[in-house]
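Working through the structure, step by step
Spelled out, the chains give:
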Amino acid sequence: MNEALERVRRSARYSLPDFNRLRQQAVDLATQLTIGRSAFLESFGVQSELEYKQQAMRDNHIMYHAHIGMNDIDATTQALVRIHEELSHKEYRLDRAGFAIDRRMGLPPGMRAAAAAETGPMLAQDEDWQSLAQAAPIQPHLGDFMIGQPASVGNAVQALRIGCTTIGNLSQYFTFEAPGWSDTAETAAQTYTAMALLGQFREQGAMLHSYLEDGFGALFQHCSSVAAWAMLERYLVEELIGTRLTHCIGGLTRDPLKRAGWVLALHKIHRGEQVGSMIYGDTLSFGHEFENNRAATAEYLLWDMLVQLHAPSGHAVLPLPVTEAIRIPSADEIIEALLFGRRVEQSARRLYPHVDFSAADAFAETVCREGGKIYQNALSGLADMGVDITNPLQMLYVLTKLGPLGFEQLLAVDQASGHE
């Protein structure tokens with residue numbers, strides 16, 4: 001504990017750039033930038049994905065998300081076209097898609113060629129970015145290796161230019177490092193500036209995405225710590241910077257009642273103003289037996305859909321292809337999963353009037369009550385240790401140096417609800 005305490009005090013004394021100067025850079029940059037029009041935004045006549053989500057919530061429309069993991073841009077755009085065409089023939093649609101982008105995209109452009117290539121496409125030219133937005137009327141979600149990395153500002157600019165208005169991933173800032181990069185202060189400055197840039201487009205629907213289980217949320221020992229961290233991210237992003245935050249969870253949560261409970265908890269954490277990005281599929285339950293994977297998908301997806309009918313949050317659901325655990329799913333396997341999801345949705349709508357959400361409500365109530373104590377303790381504890389809790393750049397830097405174990409050791413109190 002003493003080591004964690006010293007890390008906080010040392011990082012609080014570290015000389016960082018003036019965050020007000022970085023904010024002004026974001027303001028100046030915003031004046032030169034216009035949000036583009038993706039094929040999806042054009043097709044549905046909306047200004048942003050946020051506007052579409054808000055209408056979906058009013059209409060009780062359940063949104064669908066898919067994760068496209070092809071190795072290059074051409075294969076990715078071909079998959080988007082095929083998925084859209086096949087679903088359209090059945091009068092269905094895929095609302096949004098995320099992409100397994102090469103991790104080198106987190107690096108400044110001049111460093112990418114020297115780093116080792118990884119799986120996933122590189123967005124090397126403007127045409128590569130545009131293809132994600134124009135190949136089909138499926139809204140691009142750019143989460144991996146965008147904001148939260150050394151190239152945060154440039155990536156955010158490119159994403160906005162193609163009409164992508166939900167960009168992440170804040171949680172990756174705390175746990176992911178770009179290959180060969182170790183300058184935490186520069187990454188913090190880039191991340192803050194990119195978040196401030198999104199804040200300039202808040203009224204046009206720009207949102208910062210944070211997948212809690214890509215960050216400290218995957219490493220905490222208690223669900224109440226995850227709730228506290230979500231509150232802390234909201235304070236940092238919404239209150240200090242003025243940017244709209246959207247949360248994602250699900251990939252490491254097996255229990256479907258807890259999955260539903262997290263959606264209800266996020267409603268409380270966002271003070272009734274939640275508009276979520278997506279609920280990720282339960283990847284922990286997947287293995288090499290495809291029928292078991294399909295059964296796991298049916299279980300988690302049913303509850304993900306039921307809670308959207310019960311308390312619409314804008315989170316898109318993600319039917320995982322049964323091959324997810326062993327290889328990159330093909331376009332046809334993604335289509336099969338999306339059609340399977342439609343069948344589950346039919347059951348969810350029939351079952352909804354008969355479902356009791358009291359267990360999910362109790363989970364949400366508990367983690368928010370306990371998490372609220374940790375959150376308040378965190379703010380007061382950080383201030384006592386010399387951290388300027390009104391300085392978002394310093395907060396970013398200190399929290400990443402603190403780490404998940406240090407956070408729970410120093411700042412978490414009254415933890416009763418276990419992590420799954």
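First things first, this report covers the structure right here in the doc.

Definitions and cut-offs
Residues numbered from 1 in each chain as written. Predicted model: local features only at pLDDT ≥ 70, side-chain atom pairs only at ≥ 80, totals over all residues. Heavy atoms only, no water. Helix = DSSP H or I, 4+ residues; strand = E, 2+ residues; numbered from the N terminus. Contact = heavy atoms within 4.5 Å. Expected span 1.5 Å × (residues − 1). Pairing = 2+ DSSP bridges. Axes fitted to C-alpha atoms, helices over the stretch in contact; angles between N-to-C directions. Buried < 20%, exposed > 50% of the residue type's maximum accessible area, 1.4 Å probe, protein only. Polar contact = N/O pair within 3.5 Å; in protein donor to acceptor, adjacent residues only side chain to side chain. 1 Å grid on protein atoms, 1.4 Å probe; cavity = no way out; pocket = protein on both sides within 12 Å on 5 of 7 lines; lining within 4 Å. Points joined across faces, edges and corners; volume = space filled by probe spheres on them. Nonpolar A, V, L, I, M, F, W, Y, C, P; charged D, E, K, R; others polar. Core = buried A, V, L, I, M, F, W, Y, C linked by side-chain atoms within 4.5 Å. Salt bridge = Lys/Arg side-chain N within 4 Å of Asp/Glu carboxyl O. Phe/Tyr/Trp six-rings, centres within 6.5 Å; stacked < 30°, edge-to-face > 60°. Right-handed = clockwise from strand over helix to strand, strands pointing away.

With that settled, consider the environment of Gly168. Tracing the backbone shows Gly168 in strand β4 (residues 166–168). Sequence separation between Gly168 and Gly148 is 20 residues, and the spatial gap between their C-alpha atoms is 7.3 Å. Discounting chain neighbours no more than four positions away, the residues touching Gly168 are Leu142, Gly143, Met146, Ile147, Leu208 and His209.

Another point: helix α13 (residues 290–310). In this model, α13 (21 residues) spans 30 Å end to end at C-alpha, consistent with the 30 Å of a helix rising 1.5 Å per residue. Structurally, α13 contributes buried residues whose contacts are with α12 (256–269), β7 (278–279), β8 (316–317) and α14 (331–351).

Another point: the sheet that holds strand β3 (residues 139–141). Taken in spatial order, the three strands make up an open sheet running β1-β2-β3, and their pairing is parallel. One side of each edge strand has no neighbouring strand; the edge strands of this open sheet are β1 (65–68) and β3. Ignoring strand direction, the axes of neighbouring strands in this sheet form an average angle of 30 degrees. Two elements, β1 and strand β2 (residues 96–99), share four bridges in a ladder whose sense is parallel. Each bridged residue has a counterpart across the sheet, and for Ala66 the counterpart in β2 is Ala97.

Bringing the side chain of Glu238 into the picture now. Mapping Glu238 onto the fold places it in helix α11 (residues 223–241). A residue is classified by how much of its surface remains accessible, and Glu238, at 16% relative accessible area, is buried. Reaching out from Glu238, the side chain makes a polar contact with the backbone nitrogen of Leu245 at a distance of 2.8 Å. Glu238 has contacts with Arg202, Glu233, Thr243, Arg244 and Leu245, leaving out every residue within four places of it along the chain.

A few words now on the layout of surface pockets. Computed from the structure, the largest pocket encloses a volume of approximately 490 Å³. Around the largest pocket sit 28 residues that line it, and His67, Phe99, Ala100, Asp144 and Tyr280 are the ones nearest its centre. For the lining of the largest pocket, the secondary structure elements donating two or more residues are β1, β2 and β5 (207–211). Of the residues forming the lining of the largest pocket, the biggest block, three residues, is contributed by β1. Looking at the lining of the largest pocket, its residues break down into twelve nonpolar, eleven polar and five charged. The calculated volume of the second largest pocket comes to roughly 240 Å³. Among the elements of the structure, α9 (170–175), α10 (184–200) and α16 (392–411) are those that each provide at least two residues to the lining of the second largest pocket. Element by element, the count of residues in the lining of the second largest pocket is highest for α9, at three residues.

All right, on to the nonpolar core then. By size, the foremost hydrophobic cluster in this structure holds 139 residues, and its most contacted members are Ile68, Leu382 and Met395. In terms of residues, this core owes the most to one element, α11, which gives 13 residues.

Inspection of the secondary structure puts Ala135 in the loop between α7 (126–134) and β3. Look at Ala135 and you get partly exposed, because its relative accessible area is 27%. The sequence separation of Ala135 and Arg82 amounts to 53 residues, and the corresponding C-alpha distance is 9.9 Å. Every residue in contact with Ala135, bar those within four places of it in the chain, is listed here: Thr77, Leu80 and Val81.

Below, the discussion takes up the pattern of salt bridges. Counting across every chain of the model gives 21 salt bridges. Between Glu86 and Arg82 there is a salt bridge whose closest N-O contact spans 3.6 Å. On the criterion of helical spacing, the pair formed by Glu86 and Arg82 is a turn pair, its members being four residues apart in helix α5 (residues 73–89). Here the salt bridges share partners, and the residues they tie into one network are Glu6, Arg10 and Arg13.

This part is about the packing of aromatic side chains. Counted under the stated rule, the structure contains 19 aromatic pairs. Aromatic side chains Trp262 and Phe363 sit 5.4 Å apart centroid to centroid with 80 degrees between the ring planes, which places their arrangement in the edge-to-face category. With a gap of 101 residues between them, Trp262 in helix α12 and Phe363 in helix α15 (residues 358–384) connect regions that are remote in the sequence. Judged on exposure class, the residue Trp262 and its partner Phe363 are both buried. Seen in terms of ring centroids, Tyr352 and Phe357 are 6.2 Å apart; in terms of plane orientation they differ by 55 degrees. Their pairing is tilted. Taking the relative accessible area as the measure of exposure, Tyr352 reaches 27% and is therefore partly exposed. Three or more aromatic residues joined by ring pairs form one cluster here, namely Tyr173, Phe174, Phe216, Phe220, Trp229 and Phe407.

Let's shift gears to the pairing of β5. Counting buried residues along β5, five of its five residues qualify, which places the element largely inside the surrounding structure. Burial of β5 is two-sided: the residues Met207, His209 and Tyr211 facing one way and the residues Leu208 and Ser210 facing the other way are all buried. Relative to β5, β4 runs parallel, the two sharing three bridges. What sits directly across from Ile167, in β5, is Leu208. In this sheet, strand β6 (residues 245–248) lies alongside β5 in parallel orientation, the contact comprising four bridges. Among the inter-strand pairings, Tyr211 is bridged to a residue of β6, identified as Cys248. This β-α-β element, β5 to α11 to β6, shows right-handed connectivity.

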